[in-house]
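Each chain is listed here by its residues.
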Amino acid sequence: MQQEGVRSGFLDLNFSDLPSLLPPKAHLFFNHSRVVAARLFARHDADGREGEGSVGSEVEVMFLAPEGEREGGGAESTTDTLAAPADGQKWRCMVRLPAEDLAMSPVLSVQGADGRSAAALTVERIASVWEEEGETDGVEAVVRVDPCPISFPPDTPMHSFFESLGSVPVPPYLKRRAVEEDSSDYQTVYASPQWEGSVAAPTAGLHFTPAVLSELRNKGITSSFGALHVSAGTFRPVTAETAAAHQMHSEGFACSGVCVKETAQAVREGRPLVAVGTTSLRLLESLYCLGVRAVRGEEGPGGARPVSQWDGFAISSQESNVPVADALDALYNSVGASGVIRGETALMIAPGYHVRTADVLVTNFHQPDSTLLLLVAAFVGGREAIVEAYRHAVREKYRFFSYGDACVLFNQSLPSSQKSNQEGISWAVRTNVEEGQKESEKEGGGIAADDEGGRETLDGALGVGPPLKVLLHSCCAPCSGAMVEEMAKEGHDVTVFFYNPNIHPREEYELRKEENKKFAASLGIPFVDADYDTEKWFSLTKGMEWDPERGRRCTVCFDMRMDRAAEFANAHGFDAIATTNATSRWKDREQVDDSGRRAASRFPGLQYLDQDWRTEEMTQRKYRINAERSFYKQEYCGCSFSLRDVNLYRKQEGLPAVRPARGSIYSDPERDAEEESQEVVDAFFEDTMSPSKEEMRIRLRGLYRQRKRSETGSGTRMAAQQSSMQQGREGVSDNW
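Residues numbered from 1 in each chain as written. Predicted model: local features only at pLDDT ≥ 70, side-chain atom pairs only at ≥ 80, totals over all residues. Heavy atoms only, no water.

### So, the overall build of the protein chain
On a plain count of helices and strands, the protein chain comes out with 24 helices and 24 strands. Each of the 736 residues in the protein chain was classed as buried or not, and the buried ones make up 55%. Long-range pairs, those at least 24 residues apart, make up 78% of the contacts in the protein chain with a sequence separation of at least 6. Carbon and sulfur atoms form 48% of the exposed surface of the protein chain, whose accessible area is close to 30900 Å². (Helix = DSSP H or I, 4+ residues; strand = E, 2+ residues; numbered from the N terminus. Buried < 20%, exposed > 50% of the residue type's maximum accessible area, 1.4 Å probe, protein only. Contact = heavy atoms within 4.5 Å. Areas by Shrake-Rupley, 256 points an atom, 1.4 Å probe, with all protein chains shown as cover.)

Structure representation (C-alpha cells):
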C-alpha cells in the first residue's frame with residue numbers, strides 16, 4: 001500500500017524500531033526451543049579402500065530427532081530424550097555418505113579432543129536418500145549411539161554427549177563450520193534449556209535483544225512462548241514438480257496449557273497476534289487445527305497429537321467458522337493449566353492456505369526453493385506480493401537467510417471480512433548493528449542478494465516446475481480473454497470448462513455458452529460443455545432468494561460450480577483449477593477464491609490458481625480483447641436474482657431495464673472500462689445492499705408491475721437479429 005513518505009509501499013527501518021511500530025496491545029508469540037549441538041564429524045572405516053569413504057575419511061552426521069520416541073511424541077519427548085542417558089539411544093540422522101559405503105561398513109567412529117575414539121555410531125537402517133543442493137548426497141538413517149565408557153560414564157545424558165562432541169548446526173549454505181561465536185549467536189536470548197531440541201535456530205528471534213524485549217514489555221505488549229523443535233527438513237528444497245507433491249517434513253512441538261490460554265485471551269481481547277518467525281506461525285496454526293478437533297470432540301485428553309500436511313487446508317474448507325479463541329480454549333480445556341499439548345506437525349502452509357491465527361509475521365528472508373518461502377507467500381496473499389517484497393529487498397541490498405535482515409508482514413491470506421485493522425503494509429527491517437544486534441556482515445553471515453542474480457531467482461520462486469494442465473471454469477467469454485492469454489504466456493495447458501446452471505433464462509445461458517465455445521475454438525483450446533442442471537441450483541439456493549449479492553447465495557453458487565470443476569479435473573488428470581469469476585470486479589475475489597480453494601482441497605495434489613487476475617494491466621487487456629472480439633456485453637451476473645436486483649438499481653438511476661440476451665456489445669475499451677469501473681461497482685452495491693428485505697420486496701413489486709404493463713406481448717424471443725448484436729459477430733447469429 002502506498003502511503004506518504006513510503007517508497008514502493010515499503011518502509012526501510014532498523015529492528016530497534018519494532019516496539020514503536022507494533023500496536024500497544026499486541027501479543028507476541030515466540031518459539032523458545034533451544035538449538036542442540038547436534039552436528040558431529042565422524043570417521044568411517046571402509047575396509048582400507050582409498051578415496052572418498054576410505055579409512056579415516058571424515059563424515060558429517062546430523063542428528064535430526066530421536067527414533068521411536070517415548071509414548072506421547074513431540075517436543076517434550078525430544079527434551080526428555082536429551083536428558084536421558086546417551087548409551088544405546090537411537091536417533092534419526094543425516095549421514096553424508098553413500099548408502100553403498102554404509103552397507104559395507106555401517107560403523108562410524110567419533111573422536112574426542114585428544115584424538116582418541118570417544119563413541120561409535122552404528123547405522124542400523126537406511127530410510128532414504130538425502131539430497132541437498134550444493135552439498136554431497138547422503139542418507140537419512142537410524143543410528144545407534146554407543147559412547148566409549150572411558151570418555152563417558154554410563155549415566156551421561158545425551159545433551160552432555162552433544163556438548164562434548166558436537167557443534168552448532170549452522171545452515172549448510174554458510175559454507176563453513178561453526179565457530180565459537182555461533183554457540184551464542186545462533187541461539188535466541190530467550191531460548192529455554194527446558195525445551196532443547198532444535199537442529200536449526202528459529203532465526204527471526206535472533207534479532208530480539210534484552211533491550212528490545214524490555215521496551216516491548218514497557219509498552220504493554222504481552223507475549224507467550226511455545227516450543228517447536230526446528231528440524232533439518234527446513235533446509236530441504238522443494239524438488240517436486242509442484243508444491244502439492246512435496247512431502248513436508250515433520251517437527252515436534254510442545255505448548256503449555258498456560259501458553260494456550262494466554263494466547264486465546266489475547267485474541268478475545270482483540271490484541272493483534274504477532275508470530276515471531278515461521279516456526280511460531282506453524283506452531284500457532286497447528287494448535288488451531290488441534291483446537292478445531294477439540295471443538296468437534298475428536299481430541300481426547302493427553303497423548304500425542306499429530307497434525308498432518310493437509311489438515312490446515314481441510315479445516316479451511318470444512319470448519320472455517322470456528323473462531324481462533326474458541327479453538328484454543330477448547331484445546332486448553334483438554335489439558336488444563338498444568339498440562340502440555342504436544343505432538344508432531346507436518347503442516348504445510350502454501351499459497352491458498354488461510355492463516356487463521358497471526359495478524360503479523362516477523363521473519364527473515366528465505367531461500368527461493370524452500371517451503372518457508374511458500375509459507376510467507378501464503379501469508380501475504382500470494383506469489384506476486386512476496387516477489388514484489390523480495391525484489392524490493394534485492395534492490396535495497398538486504399541480507400538474506402539466517403544471519404540476515406528481517407521483515408514485518410501483515411496477514412493478507414484471509415477473506416476481507418476476517419482481516420484485522422492493519423493497513424497491509426509490509427515493512428522491511430534492517431538489522432540494527434549500532435544497538436547491539438548481531439552483525440549481519442560477519443564472515444559467513446547473512447547472504448547479500450545481488451540485483452542481477454536475485455531478480456532471476458525471484459522470478460522463478462513459487463512458480464518452479466513445468467507448466468500445469470489447468471481446467472479453467474469459465475462463466476463467459478468476456479471474463480476469459482485476458483486470463484486465458486496470461487495462462488498461455490505462463491506455458492499452461494488450458495481447457496475451458498463451462499458449467500453455469502445459475503445463468504437464467506435459457507436464452508441468456510445459450511448465448512454465453514456458444515460465444516465462449518467459439519472463442520475457445522478460435523484459440524485451439526478444448527471446451528467442455530457440462531450440464532445445465534438448473535433444478536439443482538434452485539434447490540441449493542432455496543431460502544436465499546433475498547440474500548444480497550456477494551452474500552451466502554453467491555457462496556453456494558461458487559461452491560457448486562467449483563466443486564463440479566474440481567471433480568472433473570480430478571477424474572481427468574488435471575493439475576489445477578481456476579475460474580474466470582475471479583477476474584470480475586462485480587465479484588468478491590476472496591469469496592470466489594475461497595470456493596476454489598475448498599474445492600481443490602478435496603483432491604490431493606489438485607491446486608487452485610488464486611493469483612491476482614485483476615491487475616491494472618490484465619483489466620486493460622481484458623477490455624481490449626472484448627472490443628476486438630465484439631463480445632456480448634452482459635448486464636447482470638446471470639442468475640434471476642441478480643437480474644432482479646440490477647433492474648431495481650437501473651430503475652432508481654432512470655435507466656432502462658435489462659432484457660436477457662438482448663444486450664449490446666463491447667466496442668470501446670476505455671468507455672467499457674469506465675462503465676464497469678470500481679466506482680460504478682461500489683455505487684451499485686452501496687445502493688442495492690442498503691435496503692431491508694421488506695423494503696426491497698415493496699420496491700420490487702412496483703418494478704414488476706410496471707415492467708409487466710410495458711412488456712405485455714413482447715415475449716421472450718431472442719433478438720440476435722439486432723444490428724447491435726450482429727456487429728462484429730461473424731457467424732454467431734446463424735446459431736440462433
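Following the structure, the description resumes.
### Considering unusual backbone geometry
Here the amide bond leading from His504 into Pro505 is cis, since omega sits at 0°, within 30 degrees of zero. Residue position: Pro505 is located in the loop between strand E21 (493-498) and helix H15 (506-523). The residue Ser630 is not glycine, and still its phi comes out positive at about 55°. One can find Ser630 in the loop between helix H19 (616-629) and helix H20 (640-652). A relative accessible area of 11% places Ser630 in the buried class. Even without a glycine there, the phi angle at Ala661 is positive, about 65°.

### Some points on helix H8 (residues 278-295)
In this model H8 runs 26 Å from its N-terminal to its C-terminal C-alpha over 18 residues, within 8% of the 26 Å that 1.5 Å per residue would give. Taken across its 18 residues, H8 has 17 buried, putting it largely inside the fold. At the C-terminal side of H8, Gly297 shows a positive phi close to 75°. (Expected span 1.5 Å × (residues − 1).)

### Description of helix H12 (residues 383-395)
With 13 residues, H12 extends 18 Å between its outermost C-alpha atoms, agreeing within 8% with the 18 Å of an ideal straight helix rising 1.5 Å per residue. Looking only at H12, the buried set comprises Ile386, Val387, Ala389, Tyr390, His392, Ala393 and Val394. Following H12 by one or two positions, Lys397 has its phi on the positive side, about 60°.

### A closer look at the side chain of Thr495
Along the chain, the position of Thr495 falls in strand E21. Ignoring any residue separated from it by four or fewer positions in sequence, one finds Thr495 in contact with Val470, Leu471, Leu472, Ile525, Pro526, Val528 and Phe574.

### Comments concerning the pairing of E21
Regular strands place their side chains on alternate faces of the sheet. The element E21 is extensively covered by neighbouring structure, given that five of its six residues are classed as buried. Note: strand E20 (residues 469-473) against E21, five bridges, orientation parallel. Bridging from a neighbouring strand, Lys469 pairs with Asp493 of E21. In terms of strand pairing, E21 meets strand E22 (residues 527-529) through three bridges, oriented parallel. Within the sheet, the bridge partner assigned to Phe498 lies in E22 and is Asp529. A crossover connection joins E21 to the parallel E22 through H15; in handedness this β-α-β unit is right-handed. (Pairing = 2+ DSSP bridges. Right-handed = clockwise from strand over helix to strand, strands pointing away.)

### Some details on the sheet that holds strand E7 (residues 107-111)
One closed barrel accounts for six strands, arranged E4-E5-E6-E9-E8-E7; its pairing is antiparallel. The sheet shows a mean angle of 45° between the axes of neighbouring strands, taken without regard to direction. Note that strand E5 (residues 57-66) and strand E6 (residues 90-95) share five bridges and pair antiparallel. Each residue of the ladder has a partner; that of Ala65, found in E6, is Arg92. (Axes fitted to C-alpha atoms, helices over the stretch in contact; angles between N-to-C directions.)

### As for the packing of aromatic side chains
Counted under the stated rule, the structure contains 27 aromatic pairs. Here a set of aromatic residues connected by ring pairs shows up, and it is made of Phe15, Phe30, Tyr190, Phe208 and Phe225. Just above the ring of Phe574 sits the side chain of Lys469; from NZ or CZ to the centre is 4.6 Å. Here Arg512 stacks its cationic end above the ring of Tyr636, 5.3 Å away from the centre of that ring. (Phe/Tyr/Trp six-rings, centres within 6.5 Å; stacked < 30°, edge-to-face > 60°. Lys NZ or Arg CZ within 6 Å of the ring centre and 35° of its normal.)

### Some thoughts on empty space enclosed by the protein
The gaps left among the atoms become clear once a water-sized probe is rolled over them. A full pass over the atoms with the stated rule returns eight cavities of 30 Å³ or more. Taken together, 30 residues form the lining of the largest cavity, with Thr203, Thr234, Thr278, His366 and Leu372 sitting closest to its centre. Elements represented by at least two residues in the lining of the largest cavity include exactly H8, strand E15 (360-364) and helix H11 (371-380). Of the residues in the lining of the largest cavity, the class split is 15 nonpolar, 13 polar and two charged. (1 Å grid on protein atoms, 1.4 Å probe; cavity = no way out; pocket = protein on both sides within 12 Å on 5 of 7 lines; lining within 4 Å. Points joined across faces, edges and corners; volume = space filled by probe spheres on them. Nonpolar A, V, L, I, M, F, W, Y, C, P; charged D, E, K, R; others polar.)

### With respect to the packing of helix H14 (residues 481-489) against H19
Here H14 crosses H19 at 115°, and the two axes come no closer than 8 Å. Judged by residue contacts, Gly481, Ala482, Met483, Glu485 and Glu486 of H14 engage Met618, Arg621, Lys622 and Ile625 from H19.

### Let's talk about the nonpolar core
Counting residues in hydrophobic clusters, the biggest one holds 53 residues, and the most contacted among them are Leu281, Leu287, Val376, Phe379, Ile386, Tyr390 and Phe400. The element that contributes the greatest number of residues to this core is H8, accounting for eight residues. The next biggest cluster of nonpolar side chains, apart from the first, holds 40 residues, and it includes Ile525, Phe558, Val592 and Ala600. (Core = buried A, V, L, I, M, F, W, Y, C linked by side-chain atoms within 4.5 Å.)

### Describing the pattern of salt bridges
Counting across every chain of the model gives 32 salt bridges. Measuring nitrogen to oxygen at the nearest pair gives 3.3 Å for the salt bridge that ties Arg125 to Glu67. Of this pair, Arg125 sits in strand E8 (residues 117-130) while Glu67 sits in the loop between E5 and helix H2 (74-83), and the two are 58 residues apart along the sequence. A relative accessible area of 41% places Arg125 in the partly exposed class. Classification of Glu67 as partly exposed rests on a relative accessible area of 26%. A salt bridge links Glu508 to Arg512; the shortest N-O distance between them is 2.9 Å. Note that Glu508 and Arg512 are positioned in helix H15 at a spacing of four residues, about one turn of the helix. (Salt bridge = Lys/Arg side-chain N within 4 Å of Asp/Glu carboxyl O.)

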